[in-house]
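# Coordinates in review
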Amino acid sequence: MTRSFAERLLAWFDDHGRKTLPWQHERTPYRVWISEIMLQQTQVATVVPYYERFMAHFPDVRALAGAELEEVLGLWSGLGYYSRARNLHKAARTIATEFDGRFPETVEAVTALPGIGRSTAGAILALALGRRHPILDGNVKRVLARHRLVEGWPGQSAVERQLWADADAFTPEARLADYTQAIMDLGATVCTPRNPACERCPVQGDCGAAREGRQEELPTPKPRKRLPERHTAMLVIVDGRGRVLLQRRPPAGIWGGLWSLPEWDGEGELRHWCRERLGLELLHVEPAPRVRHTFSHFHLDIDPYYVEAAGAPSPGVAEPEAMAWHPLAASRRLGLPAPVARLLAGLAEEPTSAA
Ligand code: SF4
């Protein structure tokens, strides 16, 4: 008979699993809890010395609850994500006052503590007490999404629900601590985000992703937001003395206060627009390929025009406010938005000649 997922994983764990990490001996809920929180977003090798120092200072819940927050943060210093340390301290005080210093043993009570989600609660109770609770951390999500061919980004609730159901279905009735450690280890050391070592994987035989060669596609990454697109035309106008016309942006908004290029709204004919709006006669106009600049919330597509203008504004038309001619070399020392600096750099290679 084919062995179950858990049986194969446990056999692999007996030979290859990690068994000597500091939180794997004297497994109390408190010690496992601290390790699980430290291991969030942090590699095992980084965590080990922090964990040992932390345990030397705070060997149990009461010691942690009795400490000043400053001391806890000091021992956390360098691990990052400091809300984890603040939550540990707060949770320790709750355990000290509401549970008389004994770590709670139901998943409901554990998840009610600050900073502990369903997966971490399951891991603490399974690893420390051998209780049957599935876990679903990032490593386990990856293993299950690949093995079960679960499509969709795991951050979506329907996908996450499916993964929890699979995690629950695979969790055995016995050896819960070993199984929980084993599935975490498999994700961390074999079913890695890049180049998983399927040839060494104990559950390769019925892995959907391995069968279909889709390991790199799963789990489905977070969908990228499609940014809206905006459009403008920028005029790189040079006069007969080699000066470039720049316009200072309003203080608020994108590129606030920086010098930029005059922007043509695309209305009418460019030569006419320049005559009317800027009082300039154009001698030569050279369109250049579109440039895309991406802000956090939109793409800006810029159609550049390299333009040579007659030396002086037409009589009777005032130079628009906030515009000024700058010698080209000096303009490069001004605060310029990145695409504008690139367009000006292109000027050297984009000679204009009288048409
Ligand atoms: Fe991951 Fe490969 Fe194992 Fe499938 S066979 S669970 S993709 S390591």
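Per-chain numbering applies: the sequence of each chain, read as written, is numbered from 1 onward. Local features are withheld for residues below a pLDDT of 70 in this predicted model, meaning they are given only at 70 or higher, and side-chain atom pairs are given and counted only at 80 or more; totals for whole chains, interfaces and linings count all residues. Each side-chain value is derived from all of the structure's non-hydrogen atoms; neither hydrogens nor water enter the calculation.

## Describing empty space enclosed by the protein
Stated formally: Throughout, the protein atoms alone are placed on a 1 Å grid, and a set of points is a cavity if a 1.4 Å probe fits but cannot get out or a pocket if it is open with protein on both sides within 12 Å along at least five of seven lines; lining residues have an atom within 4 Å of a point. Grid points are joined across faces, edges and corners, and a volume is the space filled by probe spheres set on the points. Here a helix means four or more residues in a row that DSSP labels H or I, a strand means two or more in a row labelled E, and each is numbered from the N terminus. Three classes are used, and their members are as follows: Ala, Val, Leu, Ile, Met, Phe, Trp, Tyr, Cys and Pro are nonpolar, Asp, Glu, Lys and Arg are charged, and the others, Gly among them, are polar.
One pass over the structure, following the stated rule, counts three cavities of 30 Å³ or more. Approximately 120 Å³ is the volume attributed to the largest cavity. Cys191, Cys198, Cys201, Val203 and Cys207 are the residues nearest the centre of the largest cavity, which is lined by 16 residues in total. Mapped onto the lining of the largest cavity, the elements with two or more residues apiece are helix 9 (138–147) and helix 12 (208–212). A per-element tally of the lining of the largest cavity places helix 9 first, with three residues. Here the residues of the lining of the largest cavity sort into 12 nonpolar, three polar and one charged.

## Regarding the nonpolar core
Applicable threshold: Throughout, nonpolar core names a set of buried Ala, Val, Leu, Ile, Met, Phe, Trp, Tyr and Cys residues whose side chains join them through atoms within 4.5 Å. Partly exposed describes any residue whose relative accessible area lies between the buried limit of under 20% and the exposed limit of over 50%, with all areas from a 1.4 Å probe on protein chains only and scaled to the type maximum. Note on contacts: a residue pair qualifies if any of its non-hydrogen atoms lie within 4.5 Å across the two residues.
Among the nonpolar cores identified, the biggest contains 68 residues, and Tyr30, Trp33, Ile34, Met38, Phe54 and Leu64 are the most heavily contacted of them. Excluding anything up to four places from it in sequence, Phe54 contacts Tyr30, Ile34, Met38, Leu64, Val72, Leu75, Trp76 and Leu88.

## As for the layout of surface pockets
The computed volume of the largest pocket comes to approximately 740 Å³. For the largest pocket, the lining is made up of 26 residues, of which Leu39, Gln40, Thr42, Asp137 and Asn139 are closest to its centre. Contributions of two or more residues to the lining of the largest pocket are made by helix 2 (29–39), helix 3 (44–57), helix 8 (118–129), helix 9 and helix 11 (176–189). For the lining of the largest pocket, a count of residues per class yields 10 nonpolar, 11 polar and five charged.

## Focus on the site of the ligand
Rules: Near is defined per residue: the residue qualifies when any heavy atom it owns lies within 4 Å of the molecule or strand. In this scheme, a molecule is assigned to a cavity or pocket if more than half of its atoms are within 2 Å of the grid points.
The local shell around the ligand consists of Arg146, Val190, Cys191, Cys198, Cys201, Gln204, Cys207, Ala210 and Gln215. Comparing atom positions with the cavity grids shows the ligand to sit within the largest cavity. When the residues that make up the shell around the ligand are grouped by side-chain class, the tally is six nonpolar, two polar and one charged.

## With respect to the environment of Asp166
In this fold, Asp166 is placed in helix 10 (residues 157–170). Classification of Asp166 as buried rests on a relative accessible area of 7%. Measuring from C-alpha to C-alpha, the distance between Asp166 and Ala145 comes to 9.1 Å, with 21 residues separating the pair along the chain. Beyond its immediate sequence surroundings of up to four residues, Asp166 is in contact with Leu144, Arg148 and Val150.

## Description of the packing of helix 9 against helix 10
In plain terms, the rule: Every angle, taken between N-to-C directions, lies between 0 and 180 degrees, and every axis is a line fitted to C-alpha atoms, over only the stretch in contact when it is a helix. Any angle from 65 to 115 degrees is called roughly perpendicular, while one under 35 is roughly parallel, one over 145 is roughly antiparallel, and all others are oblique.
The N-to-C vectors of helix 9 and helix 10 enclose an angle of 90°; their axes lie 10 Å apart at closest approach. Relative to helix 10, the element helix 9 lies roughly perpendicular. From helix 9, Lys141, Leu144, Ala145 and His147 reach across to helix 10, where they touch Glu160, Leu163, Asp166, Ala167 and Phe170. In terms of residue class, the contact of helix 9 with helix 10 is made up of five nonpolar, one polar and three charged.

## Structural notes on the pairing of strand 6 (residues 291–294)
The condition is simple: Should DSSP find at least two bridges between two strands, the strands are regarded as paired.
Two elements, strand 6 and strand 7 (residues 299–309), share four bridges in a ladder whose sense is antiparallel. Looking at strand 7, one finds that Thr294 is bridged to His299. Following strand 6, the chain reverses through four residues before pairing antiparallel with strand 7.

## What to know about helix 6 (residues 83–98)
We apply this condition: In a helix, the anticipated span is given by 1.5 Å times the number of residues less one. As used here, the arc is the angular range of directions from the helix axis to the C-beta atoms.
The first and last C-alpha atoms of helix 6 sit 22 Å apart over 16 residues, in line with the 22 Å expected at 1.5 Å per residue. Residues Arg84, Ala85, Leu88, His89, Ala91, Ala92, Ile95 and Ala96 constitute the buried set of helix 6. Around the axis of helix 6, the buried residues are gathered within 165° of arc, so they sit on the same side. Residues of helix 6 that are exposed and point over 90 degrees away from its buried face: Lys90, Thr97 and Glu98. Contacts from the buried residues of helix 6 go to helix 2, helix 3, helix 4 (61–66) and helix 5 (69–76). Asp100 lies just past helix 6 and shows a positive phi near 55°.

## Re the confidence of the model for the protein
For residues with low pLDDT, the predicted coordinates do not support detailed interpretation. As a reminder, the rule being used: A score from 0 to 100, pLDDT tells how confident the predictor is in each residue.
Averaged over every residue, the pLDDT of the protein is 90; the share at 70 or more is 94%. Here residues 314–318 is modelled with pLDDT under 50, and outside its nearest four sequence neighbours on either side it reaches seven contacts, counting other chains as well. The low-confidence segment residues 350–355 (pLDDT under 50) makes 11 contacts with residues lying over four places distant or belonging to another chain.

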